[in-house]
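Residue-level listing of the chains:
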Amino acid sequence: MYTQAMDLIAKEAGNTTPATAEPEAYQREFDAKIDRGDFIEPKDWMPEGYRKTLIRQISQHAHSEVVGMLPEGNWITRAPTLKRKAILLAKVQDEGGHGLYLYAAAETLGVSRTELIEALLSGKAKYSSIFNYPTLTWADVGVIGWLVDGAAIMNQIPLCKCSYGPYARAMVRICKEESFHQRQGYESLLVMMREGTPEQKAMVQDAVNRWWWPALMMFGPPDSESVHSPQSMRWGIKRVSNDELRQKFVDATVPQAEVLGVTLPDPHLKWNPERGHYDFGPINWKAFWDVINGHGPCNRDRMAARRRAWEEGAWVREAAEAYAEKAKRRATTHPTAA
Amino acid sequence: MTQTPTDTPRRDEWPLWEVFVRAKNGLEHKHCGSVHAVDARMALELARDLYTRRQEGVSIWVVRSDQIVASDPDAKPELFDPSADKIYRHPTFYRLPAEVDHM
Ligand SMILES: [Fe+2]
Ligand SMILES: [Fe+2]
């Protein structure tokens with residue numbers, strides 16, 4: 001998902017065997033809380049592995065929201081109508097907000113905002129593979145809302161009940177906003193499919209063809225290769241497995257594609273009455289790892305855009321600081337003039 | 001019993017502010033998150049953009065995070081356990097005849 005790259009750090013985070021150095025009583029209390037389904041709050045004792053894993057998971061998630069503004073941001077100035085432009089602006093603004101909720105949640109674990117941003121800009125931190133694909137036509141905007149936000153919702157709903165309080169609360173807030181994202185995307189595709197020209201309909205189909213497989217990859221590697229998952233499940237910071245979520249997404253999406261009048265680009269996609277699920281074809285995991293490791297179609301562009309935004313925003317940050325300084329000085333020299 | 005504020009921000013970082021929003025008159029302000037801002041005015045503006053994009057509030061408070069004094073989580077037993085054995089503080093402790101039990 002937005003934190004697919006968590007599996008990259010499985011080995012690193014693997015040194016989370018209950019730290020013997022930690023007071024055992026604390027560890028027991030922590031385990032009991034997790035078993036009872038209680039939340040862990042910022043100042044509560046927690047194992048170092050739990051803290052580190054959460055920092056990486058929440059910050060990867062935050063970075064994904066922020067970088068996720070770029071593919072759609074590409075179409076804000078070229079949206080076909082004022083209405084679609086207003087909707088897209090609101091949607092992209094929400095994604096920026098999601099990034100901020102999540103950075104704030106990560107900061108409660110003792111990491112600073114500056115460190116988080118530096119990790120993203122230096123390329124050290126990961127973000128979701130899905131945002132390294134280009135948005136070639138207007139139909140991509142609708143397909144992102146439908147499939148990418150749709151996949152995000154599947155993953156995020158169980159996280160609303162994750163064991164770390166601030167993360168869970170951020171997810172509740174985010175989930176409330178995601179439904180708008182998915183619906184606006186689907187509706188804009190519906191308009192194109194029902195009222196559009198043959199070229200516009202072909203554009204929608206083409207966008208679906210390009211985004212389908214990357215959307216399925218959003219759920220992360222198959223459970224058999226997801227070494228990281230068992231510990232995260234134990235800690236209650238992952239509730240449902242990658243494969244289970246992916247299946248749920250496929251099952252929910254196929255009927256939506258039928259209503260829309262598009263096909264999904266998978267010859268193996270077929271209802272399996274015995275399983276009560278849709279079967280689907282094999283996923284190209286090599287392509288997935290290539291994108292995660294920096295070799296997707298847009299990785300360089302995305303990072304360059306983030307760095308440029310940070311550098312070009314420097315004067316705004318400096319001006320705000322200078323203004324606050326000046327206001328403070330004025331308040332102390334002329335206390336009544338405030 | 002209390003913890004002195006330890007969330008002092010890094011020198012190169014704008015202070016952190018906790019945001020409280022009143023959803024509508026008649027309800028209390030409720031904590032909803034935090035923002036980094038150079039001063040109170042900016043904190044209010046950012047909180048408005050971040051936490052009230054869909055009419056979630058009619059009033060916002062911002063408080064510098066390093067000004068909040070919190071109880072020590074390790075003191076939880078001393079602070080909160082004593083009330084566990086005072087069941088007579090709850091109405092359900094009192095058994096009354098059925099005819100008047102809706103009291
Ligand atoms: Fe989002
Ligand atoms: Fe979204």
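All of these numbers come straight from a predicted model, not from anything done at the bench.

What counts and how
Residues numbered from 1 in each chain as written. Chains lettered and ligands numbered in written order. Predicted model: local features only at pLDDT ≥ 70, side-chain atom pairs only at ≥ 80, totals over all residues. Heavy atoms only, no water. Phe/Tyr/Trp six-rings, centres within 6.5 Å; stacked < 30°, edge-to-face > 60°. Helix = DSSP H or I, 4+ residues; strand = E, 2+ residues; numbered from the N terminus. Buried < 20%, exposed > 50% of the residue type's maximum accessible area, 1.4 Å probe, protein only. Lys NZ or Arg CZ within 6 Å of the ring centre and 35° of its normal. Salt bridge = Lys/Arg side-chain N within 4 Å of Asp/Glu carboxyl O. Pairing = 2+ DSSP bridges. Axes fitted to C-alpha atoms, helices over the stretch in contact; angles between N-to-C directions. Contact = heavy atoms within 4.5 Å. Buried area = accessible area lost by both parts, 1.4 Å probe. Polar contact = N/O pair within 3.5 Å; in protein donor to acceptor, adjacent residues only side chain to side chain. Donors = N, O, S within 2.8 Å, 3.2 Å for Na, K, Ca; no water. Tetrahedral: all angles 85-135°; square planar, octahedral: opposite > 155°, others 65-115°. Core = buried A, V, L, I, M, F, W, Y, C linked by side-chain atoms within 4.5 Å. pLDDT = per-residue confidence, 0-100. Parallel < 35°, antiparallel > 145°, perpendicular 65-115°, else oblique. Nonpolar A, V, L, I, M, F, W, Y, C, P; charged D, E, K, R; others polar.

Draft legend 1. Representation of the packing of aromatic side chains. All names here are of chain A. The tally for this structure, following the rule as stated, stands at 16 aromatic pairs over all chains. The interplanar angle of 80° and the centroid separation of 5.7 Å between the aromatic rings of tyrosine 50 and tryptophan 235 together place this pair among those described as edge-to-face. Separated by 185 residues along the polypeptide, tyrosine 50 in helix H3 (residues 48-67) and tryptophan 235 in helix H10 (residues 229-235) bring together distant segments of the chain. Tryptophan 235 shares its class with tyrosine 50; the two are buried. When the centroid spacing of 4.9 Å and the interplanar angle of 70° are considered together, the rings of phenylalanine 288 and tryptophan 289 count as edge-to-face. Owing to a relative accessible area of 23%, tryptophan 289 belongs among the partly exposed residues under this scheme. Aromatic ring contacts, followed pair by pair, group Tyr26, Phe30, Trp45, Tyr50 and Trp235 into a single cluster. The residue whose ring lies beneath arginine 78 is tryptophan 75, and the NZ or CZ to ring-centre distance is 4.1 Å.

Draft legend 2. Focus on the pattern of salt bridges. Within the structure shown, the criterion is met by 27 salt bridges over all chains. With a closest N to O distance of 3.3 Å, aspartate 35 of chain A and arginine 234 of chain A form a salt bridge. With aspartate 35 of chain A in helix H2 (residues 24-36) and arginine 234 of chain A in helix H10, the pair connects residues that are 199 residues apart, well separated along the chain. In this structure, lysine 86 of chain B and aspartate 85 of chain B form a salt bridge, with 3.6 Å as the shortest nitrogen-oxygen distance. Lysine 86 of chain B sits in the partly exposed class, given a relative accessible area of 23%. The class for aspartate 85 of chain B is exposed, based on a relative accessible area of 56%. Overlapping salt bridges bring together Glu29, Lys33 and Asp44 of chain A together with Lys76 of chain B as one network.

Draft legend 3. Region of the structure containing the sheet that holds strand E3 (residues 29-36) of chain B. Residues and elements named next belong to chain B. Spatially, the 3 strands line up as an open sheet ordered E3-E2-E4, and their pairing is antiparallel. Edge positions in the sheet fall to E3 and strand E4 (59-64), since each of these pairs with one other strand and no more. Across the sheet, the mean angle separating the axes of adjacent strands is 30° when strand polarity is ignored. Bridge count for strand E2 (residues 16-22) against E4 is 6 bridges, and the pairing is antiparallel. Across the sheet, residue tryptophan 17 finds its bridge partner in E4, namely arginine 64.

Draft legend 4. Region of interest: the interface of chain A and chain B. Each side of the interface is counted separately: chain A has 23 residues, and chain B has 24 residues. Around 1900 Å² of area is buried between chain A and chain B when both sides are counted, 46% of it from carbon and sulfur atoms. The interface formed by chain A and chain B includes 5 salt bridges. Where arginine 54 of chain B meets aspartate 94 of chain A, a salt bridge forms, and the shortest distance between an N and an O atom there is 2.5 Å. In this structure, the connection of chain A to chain B is made through 10 residue pairs in polar contact (both at pLDDT 80 or more). Elements with a minimum of two residues in the side of chain A that touches chain B: H2, helix H5 (82-107), helix H6 (113-121), helix H8 (165-195) and helix H14 (314-333) of chain A. The element best represented in the side of chain A that touches chain B is H5 of chain A, accounting for 7 residues.

Draft legend 5. Representation of the coordination of the iron ion (ligand 2). Residue and element names in this part refer to chain A. The protein atoms donating to the iron ion (ligand 2) are Glu95 (OE), Asp149 (OD), Glu178 (OE) and His181 (ND1), with metal-donor distances spanning 2.0 to 2.2 Å. One way to put it: the 4 donor atoms around the iron ion (ligand 2) meet at angles of 84 to 172°, and that makes the site irregular. Here the iron ion (ligand 1) and the iron ion (ligand 2) are spaced 3.3 Å from one another, each receiving a donor from glutamate 95. Taken together, the residues span a long stretch of sequence, with glutamate 95 in helix H5 and aspartate 149 in helix H7 (residues 138-159) at a distance of 54 residues. Each member of the pair, glutamate 95 together with aspartate 149, is buried.

Draft legend 6. Broad picture of the coordination of the iron ion (ligand 1). Residues and elements named next belong to chain A. Looking at the metal site, the iron ion (ligand 1) is ligated by Glu65 (OE), Glu95 (OE), His98 (ND1) and Glu178 (OE), spaced 2.1 to 2.4 Å from it. With 4 donor atoms in place around the iron ion (ligand 1) and angles of 82 to 153° between them, the coordination shape is irregular. Mapped onto the polypeptide sequence, the residues donating to the iron ion (ligand 1) form the spacing pattern E-x29-E-x2-H-x79-E.

Draft legend 7. Representation of the pairing of E3 of chain B. Residue and element names in this part refer to chain B. Where burial is concerned, most of E3 is hidden: 6 out of the 8 residues are buried. Direction of pairing for E2 relative to E3: antiparallel, over a ladder of 7 bridges. Opposite phenylalanine 20, over in E3, you have histidine 31 as the bridge partner.

Draft legend 8. Structural view of the nonpolar core. Formed by 102 residues in total, the largest nonpolar core has its most connected members in Tyr50, Ile58, Trp146, Tyr164, Tyr167, Trp211 and Phe249 of chain A. Among the elements that take part in this core, H7 of chain A stands out by supplying 12 residues, more than any other.

Draft legend 9. Geometry of the confidence of the model for chain A. Confidence in the prediction for chain A averages 92 pLDDT; 93% of positions are at 70 or higher. Every residue in residues 10-19 of chain A is under pLDDT 50, and counting partners more than four places away or in other chains gives 9 contacts.

Draft legend 10. Molecular detail of the packing of helix H13 (residues 299-312) of chain A against H14 of chain A. Residues and elements named next belong to chain A. As a packed pair, H13 and H14 sit with axes 4 Å apart at the nearest point and diverge in direction by 30°. When the interaxial angle is binned, H13 and H14 end up roughly parallel. For the pair formed by H13 and H14, the contact residues are Trp310, Glu311 and Glu312 on the first element and Ala314, Trp315 and Arg317 on the second. Tallied by class, residues from the contact of H13 with H14 come to 3 nonpolar, no polar and 3 charged.

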